[in-house]
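Survey of secondary and tertiary structure
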Amino acid sequence: MVERAAILKGRPPSQFAGGWEVGLLGLMALLYIAGALINPAFFGTTDALHALLRDSARYGVMAVGMTFVIVNKDIDLSVGSTFGLVGVAFSIVFSPTHYDYSLATAFLFCLLLGTVIGLINGVLVTILRVPAFIATLTILLIGRGMVLGLTGGKNIAYPAKAADYAWFFHLSETNAFGFNNQIVIFLVVAVLGAIVLAKTRWGYETFATGGNEQAAIYAGIPTRWVRIRAYLMSSLCATLAGLMAIAQDKGVTSQFGLSAELIVIASVIIGGASILGGRGRVIGSCLGAVLTVLINKVLREGWPTTRVIKVDGVDITVNATSQLPAGAVPAFLGLILVIAVLIEPFIIRRQVPARLWAWLRGKAPPPPPESGGIAIEGAQTRGTMASDKALTAKGFGKFLARRDALAIILVAALWFTGFYLRPDYWWNLPNTFAILLNFTEVALLTIGLTYVIACGDIDLSVGAVLALAGSTAAYCVKALGMDPMAAVAMGMLAGTSAGVVNGLLTVGFGLPSFIATLGMYYIARGLAAWVVAGPQLTGFPEKFNLFGRKIADIFATYGIELPLGTLRAFAEVVSVQTLWTVLVAIIAGIVLGYMPFGQRVYATGGNLRAAAYAGINTGRVRFLSLVFAGLCAAMAGIINVAYFRSFNPVAGQFRELDAIASVIIGGGSIFGGYGTIIGSLAGAAVITLVRALLQLNIITADGRSIVLPQHWVNVFIGLILIAAVLIDIWLRQSNIFAKVRDLFAKTRLWAR
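Positions within a chain are numbered from 1, following the residues in the order the chain's sequence is written. Only residues with pLDDT of at least 70 are given local features in this predicted model, and only at 80 or more are side-chain atom pairs given and counted; all residues enter the totals for whole chains, interfaces and linings. To get the side-chain values, all heavy atoms of the structure are used, and hydrogens and water are removed first.

Moving on: the overall build of the protein. Labels follow the DSSP assignment, with helices taken as runs of H or I lasting at least four residues and strands as runs of E lasting at least two, numbered in each case from the N terminus. Assigned secondary structure in the protein consists of 35 helices and six strands. Across the 752 residues in the protein, those meeting the buried criterion constitute 51%. By definition in these notes, contact holds between two residues if any of their heavy atoms fall within 4.5 Å. If you take every contact in the protein between residues at least 6 apart in sequence, the share linking residues at least 24 apart comes to 75%. In this description, accessible areas are obtained by the Shrake-Rupley approach with a 1.4 Å probe, and a residue is regarded as covered only by the protein chains that are shown. Looking at the protein as shown, the accessible area adds up to about 34,000 Å², and 67% of this sits on carbon and sulfur atoms. Here's how the labels work: a residue is buried when its accessible area is under 20% of the maximum for its type, exposed when over 50%, partly exposed in between, all with a 1.4 Å probe on protein chains only.

Turning our attention to the packing of helix α11 (residues 201-211) against helix α13 (residues 223-249). The contact between α11 and α13 brings their axes to 10 Å, and the two run at 110°. Taken together, the axes of α11 and α13 are roughly perpendicular relative to one another. Of the residues in α13, those touching α11 at W202, E205, T206 and T209 are T223, V226, R227, R229 and M233. When its residues are assigned to classes, the contact of α11 with α13 shows three nonpolar, three polar and three charged. All axes here are fitted lines through C-alpha atoms, helices being fitted over the stretch that makes contact, and every angle between N-to-C directions spans 0 to 180 degrees. Angles are sorted into four bins: roughly parallel if under 35 degrees, roughly antiparallel if over 145, roughly perpendicular if 65 to 115, and oblique for all others. Residues are grouped as follows: Ala, Val, Leu, Ile, Met, Phe, Trp, Tyr, Cys and Pro are nonpolar; Asp, Glu, Lys and Arg are charged; all remaining types, including Gly, are polar.

With that out of the way, let us pick up the packing of helix α14 (residues 260-270) against helix α16 (residues 328-348). Packing of α14 against α16 brings their axes to within 9 Å, and their N-to-C directions diverge by 30°. α14 and α16 meet at a crossing whose hand is left-handed. Here L262, I263, I265, A266, I269 and I270 of α14 lie close against α16, whose contacting residues are P330, L333, G334, I336, L337, A340 and V341. Tallied by class, residues from the contact of α14 with α16 come to twelve nonpolar, one polar and no charged. Crossings are sorted by hand: turned counterclockwise from the far helix by less than a right angle, the near helix makes the crossing left-handed, and turned clockwise it makes it right-handed.

A few words now on unusual backbone geometry. Positive phi values are uncommon outside glycine, yet D100 reaches one of about 60°. Residue placement: D100 occurs in the loop between α5 (79-94) and α6 (103-126). Accessibility expressed as a relative area gives 41% for D100, which makes it partly exposed. Even without a glycine there, the phi angle at S259 is positive, about 65°. Relative to the helices and strands, S259 resides in the loop between β2 (251-252) and α14.

Two measures describe an aromatic ring pair: the distance that separates the ring centres and the angle between the ring planes. A pair of aromatic rings is counted whenever rings of Phe, Tyr or Trp (Trp by its six-membered ring) have centres within 6.5 Å, and the orientation is called stacked for planes under 30 degrees apart, edge-to-face for over 60 and tilted otherwise. Per the stated rule, a full pass over the model turns up 21 aromatic pairs. Measuring from centroid to centroid gives 6.4 Å for F90 and Y158, while their planes differ by 50°, and the two rings are tilted. You can see F90 sitting in helix α5 and its partner Y158 sitting in the loop between β1 (156-157) and α8 (159-162), a full 68 residues away along the chain. A network of ring pairs unites the aromatic residues F90, F94, Y158, Y165, W167, F168 and F169 as a single cluster. Only lysine NZ and arginine CZ atoms are considered, and such an atom sits over a ring when it is within 6 Å of the ring centre and within 35 degrees of the ring normal. Seen from the ring of W730, R129 lies directly overhead, with NZ or CZ sitting 4.6 Å from the centre. Seen from the ring of F94, K161 lies directly overhead, with NZ or CZ sitting 4.2 Å from the centre.

Inspection of the secondary structure assignment puts M146 in helix α7 (residues 132-151). With relative accessibility at 26%, the residue M146 sits in the partly exposed group. Each C-alpha atom, one on M146 and one on W712, is 6.5 Å from the other, the two residues being 566 residues apart in sequence. Here M146 is in contact with L85, W712 and V715, once residues within four sequence places are set aside.

If you trace the backbone, T517 turns up in helix α24 (residues 513-531). T517 gets classed as buried once you look at its relative accessible area, which sits at 0%. Residues adjacent in sequence count toward polar contacts only when both atoms are side-chain atoms; beyond that, a polar contact is any pair of N or O atoms within 3.5 Å, and within protein one must be able to donate a hydrogen and the other to accept it. A distance of 2.7 Å separates a polar atom in the side chain of T517 from the backbone oxygen of S513.

Let's shift gears to the side chain of S78. For S78, the position within the fold is in the loop between α4 (46-71) and α5. Exposure remark for S78: the relative accessible area of 0% places this residue in the buried category. Polar side-chain contacts of S78 include one of 2.6 Å to the side chain of D76. Residues in contact with S78, not counting those within four places in the same chain, are N121, T136, I139 and L140.

So, about the environment of V573. Within the secondary structure, V573 sits in helix α27 (residues 566-573). Accessibility expressed as a relative area gives 15% for V573, which makes it buried. For V573 and I551, which are 22 residues apart along the polypeptide, the C-alpha to C-alpha distance reads 7.8 Å.

Right, let's get into the pattern of salt bridges. Oppositely charged side chains can pair when the atoms bearing their charge come close. Here, a salt bridge means any Lys or Arg side-chain nitrogen found within 4 Å of an Asp or Glu carboxyl oxygen. With the rule as written, the count across this model stands at 13 salt bridges. We note a salt bridge from K161 to D100, for which the minimum N-O separation is 2.6 Å. With K161 in helix α8 and D100 in the loop between α5 and α6, this residue pair connects regions lying 61 residues apart in the sequence. According to the relative accessible area criterion, K161 is buried, its value standing at 12%. Bridged by salt links that share partners, the residues E441, R655, D658 and R691 form one connected network.

This paragraph deals with the environment of S91. With respect to the element layout, S91 can be found in helix α5. Through-space distance from the C-alpha of S91 to that of A106 is 7.9 Å; in sequence the pair is 15 residues apart. Ignoring anything within four residues of it in the chain, the contact list for S91 reads I156, Y158, I246, G251 and V252.

The residues that make up patches have over 30% relative accessible area and no salt bridge, and they are joined within 9 Å when like-charged or within 5 Å when they are Val, Leu, Ile, Met, Phe, Trp or Tyr. Together, F177, F179, V184, V188 and L192 give the surface a local cluster of nonpolar side chains, amounting to about 540 Å² of exposed area. With respect to the helices and strands, F177 occurs in the loop between α9 (166-169) and α10 (181-199). By relative accessible area, F177 is classed as exposed at 76%.

Okay, the state of the cysteines next. Disulfides are defined as cysteine sulfur pairs within 2.5 Å. Throughout the structure, instances matching the rule amount to zero disulfides. C286 provides the cysteine sulfur closest to C237, a residue in no disulfide bond, and the two sulfurs are 9.5 Å apart. Classification of C237 as buried rests on a relative accessible area of 12%.

The next thing to look at is the confidence of the model for the protein. Detailed reading of the predicted coordinates is not advisable wherever pLDDT falls low. In this model, the protein carries a mean pLDDT of 84, and residues with pLDDT of at least 70 account for 88%. Scored between 0 and 100, pLDDT is the confidence that the predictor attaches to each residue. Element-level pLDDT for the protein is lowest in helix α1 (residues 4-8), with a mean of 44, against a maximum mean of 96 in α6. Considering only residues more than four positions removed or in separate chains, one finds that residues 1-11, a stretch of pLDDT under 50, has 16 contacts. Throughout residues 371-386 the model reports pLDDT below 50, and contacts reaching past four residues in sequence, or to other chains, amount to 21 contacts.

This is the structure we're talking about:
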């Protein structure tokens, strides 16, 4: 955005730093003073400042690359996984317990790996037209699965061999000038990034592409290459950060780089970049990284206290440190991300600081910013080829023309694959209903997400909301001793409230749904862990557990004995959650397919502006869809807790990706306007069966047992998700096969 007030005064706006960066420095000073007052033993020393800059260095390096991506109006959620995967790859190649190659070989391999990841992200987003948050979220899932799979959940360390390469591993040490070498690397990368973005052709092309891509294309800027280049820079910065961490730790863990993307994205947004593109400065992003790490440290370090304990009847004063419970930090960081995103449209674009300063001095306010600022806007149209084919097809072709046909065929194929691999086990009724138990959790999330995706939005928080609702219900029934039904109501209220917040942020404040729900993802996940930081949440009353039990268990609890026969056999294998999922699916399917609200959902997702012109309250439709997704996630969370009879803070982890993949496999479109409950449930069945097959204990002819390591499951799910999105874009929307067929027909015609 052009700083018009500065131009009117005859001086160009600063491209390196400005008033926003000065404000960040002032805020950091205030926070540091507050930390020194709260915990003088840590923040009152010069070592604390040195530790702050050292720990900020890696995030700052990643923030430099992320700035180019966000200024381009894109997002990169894969930097944390890239960071972790690079560390694991280096360790496996370099460690004596693995391949034991030289440092140069390990370094070059990591550089190649980072380049490949950046190219994959760039190609997916630009050439294959996958939405940036979906493409990079999938790479995040695949990368995280590879980190777990390659490490096997164990640590890899090599301190002895590291001593032979002191020049590299001393990059984490303090140099002769009293600074940690990682701080020097951070400063060099920051200066180079600031110059490139502010004073070179690359930077001008980046601002033009993010500000108005269509106009940039008409100006002759190769926008595809500009965006791919930004992803390469982001990935290579994450690679450098991973190598910096390796130099410091001399090894990796299976959690290496976990949630680093949150800190990096928050840093860039806090630094003044706009999530809508076209605005951002590298210096601001680097200061945002230091500020975010400072907030993290203030929250984690705690404050000194004293406690009095009795030992043999004698009171003894003991020094201690009070800290926020686990989960508080990611919850606060998620909240900071949401607030930082809101600052740009409501503070920066409205020139609130400049207007306040003018009012205090009794001066005229600065001129209002340009209301539009878009010279040319590309029109987006979505093809309806699949729908047209479904209307004209006949017989079995009519079924194949349906958007959910692929999912239904895959369900049958996967089930028969399981039967082929383990005919002695797979077809049994208990196994079938055991698969149904795993299916219900994904299915409930998928039902709510079908509405959201059909509206053209996305909800990345459903897995975390599942955990939040489950933890709330578990805490109420266990720690507060509430009645089971009241505890369930509180859990439902917590999940629905998260959906309301998502709706308000997306519709009321105009945030992109993926950013609003990404912030809620971390807030809800943090709050869920915060709730269980005290008492162990297990051993619930049996009436509460009945929500996750079989129907026969309900009758047994109330002393009702069923007679032998079909009814008893049915009650012994069918669970409450299965019936509840069927009921919710029927109601949701009728509403979406046959009632006016469902048609408004399709109209809103198909063409938001046309739906508004037709008199549809599109804001209300989108809001209610996000609330319904939160409600469905709350149901799944309560069933999860009741089924396992305890609460685990990682409940629902990565389930949002399962649900998104289910909707897309089932015929929904990531661009909105399509989706059915039956298709989405078939997609959920595909995901469930894939997980069941990957967990299947296969017996070979010679009696050996083969089981795929579970750490690799997320890699398969990520590949399925990206394949489903590509099928939707290129087969359903663009109908690439028809275009290729027409091209061959024209070629034959010209040959004649």
